[in-house]
Amino acid sequence: MKKKFLALVLALTLALSLAACGGKDAPAQDAAPDVPEAGAPENGESDTPEAGAPEDGETTPPSGSAPGENCPNEPGAPEGTEAGVDLTAFYNTLREENTWPELMDLTTDANMKELLDSYYPGLAEISTKQCGVYIAAISAAVGEIALVEVENAGDVQAVEEIFQARVDYQVGDDTNPGGAWYPETIEGWKTKSRIVSSGNYVMLAVGNPADAAVESFEALFA
């Protein structure tokens, strides 16, 4: 009987304890503060200027157009030839109209200046408006073109003499072999060399198309 009474008391005590615990309200969790999304400024305002937009209203020139750059003359057009003959263009025409051996330009490459002075001594000392000398890339080939516009008409004869000296050197004589060296090449220089002039312009043409080159040259001034 005593044991039943103790069991009852323990059961009542446990029930009262559970009721007391259940009656207490659980503490409310602290509400998380409102945090703006990363990178999103408040009030819709933007602190970062738009990409590429200069500050304080400054303007940036478009890419590739440096201020002050200008090309008054077209590339390849020699100065002072507006009313005359463009010898570079004429040379290109000669190459297109006829078959020439492969030619090297001795006048636009600074590394070729010594060779030009050796082949045409005295030419560099004459005042010219235009000057183009093109020699065969292979020594055994018969082909050469020289085109000159002198500043002064009195120098035309001097240029003709320089051109003739070039031919004479290539052909040689009975004592000295020609600079062309090979018998066939020497014969080509001897029979297929033409020197012609008009006004301040002088041309030397050597090779199979030499006569056709002379006709084209003379047609420029007809």
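Residues numbered from 1 in each chain as written. Predicted model: local features only at pLDDT ≥ 70, side-chain atom pairs only at ≥ 80, totals over all residues. Heavy atoms only, no water.

Engineer: Describe in detail unusual backbone geometry, supporting the description with residues and values.
Structural biologist: At Trp-181, a residue that is not glycine, the phi angle is positive and equals roughly 75°. Mapped onto the fold, Trp-181 is located in the loop between α4 (156-171) and α5 (183-191). In this structure Trp-181 comes out as exposed when scored by relative accessible area, which is 59%. (Helix = DSSP H or I, 4+ residues; strand = E, 2+ residues; numbered from the N terminus. Buried < 20%, exposed > 50% of the residue type's maximum accessible area, 1.4 Å probe, protein only.)

Engineer: Tell me about the pattern of salt bridges, and name the residues and values.
Structural biologist: Taken as a whole, this structure holds three salt bridges when the rule is applied. As a salt-bridge pair, Arg-166 and Glu-144 come within 2.9 Å of each other at their nearest N and O atoms. Of this pair, Arg-166 sits in helix α4 while Glu-144 sits in strand β3 (residues 144-150), and the two are 22 residues apart along the sequence. When sorted by exposure, Arg-166 lands in the same class as Glu-144, which is buried. (Salt bridge = Lys/Arg side-chain N within 4 Å of Asp/Glu carboxyl O.)

Engineer: Break down the environment of Ala-158 for me, citing the residues and quoting the values.
Structural biologist: Mapped onto the elements, Ala-158 comes out in helix α4. Given the relative accessible area of 27%, Ala-158 is considered partly exposed. C-alpha of Ala-158 to C-alpha of Leu-123: the two residues are 35 residues apart in sequence and 8.6 Å apart in space.

Engineer: I'd like a description of the packing of helix α2 (residues 87-97) against helix α6 (residues 210-220), backed by residues and values.
Structural biologist: Any two packed helices are characterised by the angle at which their axes cross and by the distance between the axes. Contact pair α2 / α6: the axes reach a minimum separation of 11 Å and the direction vectors enclose 140°. As judged from the angle between their axes, α2 and α6 are oblique. When the axes of α2 and α6 are compared, the crossing they make is right-handed. For the pair formed by α2 and α6, the contact residues are Phe-90, Leu-94 and Glu-97 on the first element and Ala-213, Ser-216, Phe-217 and Leu-220 on the second. Classifying every residue of the contact of α2 with α6 gives five nonpolar, one polar and one charged. (Axes fitted to C-alpha atoms, helices over the stretch in contact; angles between N-to-C directions. Parallel < 35°, antiparallel > 145°, perpendicular 65-115°, else oblique. Left-handed = near helix turned anticlockwise from the far one by under 90°. Contact = heavy atoms within 4.5 Å. Nonpolar A, V, L, I, M, F, W, Y, C, P; charged D, E, K, R; others polar.)

Engineer: Describe the pairing of strand β2 (residues 128-136), and please don't skip the residues or the numbers.
Structural biologist: Here strand β1 (residues 103-105) pairs with β2 via three bridges, running antiparallel. What sits directly across from Asp-105, in β2, is Tyr-134. (Pairing = 2+ DSSP bridges.)

Engineer: Could you give me a rundown of α4, with the residues and numbers involved?
Structural biologist: Over its 16 residues, α4 extends 23 Å from the first C-alpha to the last, a length consistent with the 22 Å expected when each residue adds 1.5 Å. For α4, the full list of buried residues reads Val-156, Val-159, Ile-162, Phe-163, Arg-166, Val-167, Gln-170 and Val-171. Next to the buried residues of α4 lie α3 (113-119), β3, α5, β4 (193-198) and β5 (201-206). Taken from the residues just after α4, Gly-172 is the one with a positive phi, measuring 75°. (Expected span 1.5 Å × (residues − 1).)

Engineer: Residues and numbers for the nonpolar core, please.
Structural biologist: Formed by 22 residues in total, the largest nonpolar core has its most connected members in Tyr-120, Leu-123, Val-133, Val-159, Phe-163 and Leu-204. Within the residue set of this core, elements represented by two or more residues are β2, β3, α4, α5 and β5. With six residues, α4 is the single largest residue contributor to this core. Not counting residues within four places of it along the chain, the set of residues in contact with Tyr-120 comprises Val-133, Glu-144, Ala-146, Ile-162, Phe-163, Arg-166 and Leu-204. Grouped together as the second largest cluster of nonpolar side chains are 19 residues, Leu-87, Phe-90, Ala-136 and Val-214 included. (Core = buried A, V, L, I, M, F, W, Y, C linked by side-chain atoms within 4.5 Å.)

Engineer: I'd like a rundown of the pairing of β5, residues and numbers included.
Structural biologist: Of all six residues in β5, six are buried, a share of seventy percent or more. Both faces of β5 are covered, namely the face carrying Tyr-201, Met-203 and Ala-205 and the face carrying Val-202, Leu-204 and Val-206. The sheet contact formed by β3 and β5 spans six bridges and is antiparallel. Within β5, the position partnered with Ile-145 by the bridge is Ala-205. Of the strand pairs in this sheet, β4 and β5 are connected by six bridges, and their pairing is antiparallel. Its bridge partner being in β5, Ser-197 is matched across the sheet by Val-202. Linking β4 to β5, which pair antiparallel, is a turn of two residues; within it Gly-199 sits at a positive phi near 60°.

By themselves these figures say nothing about function.
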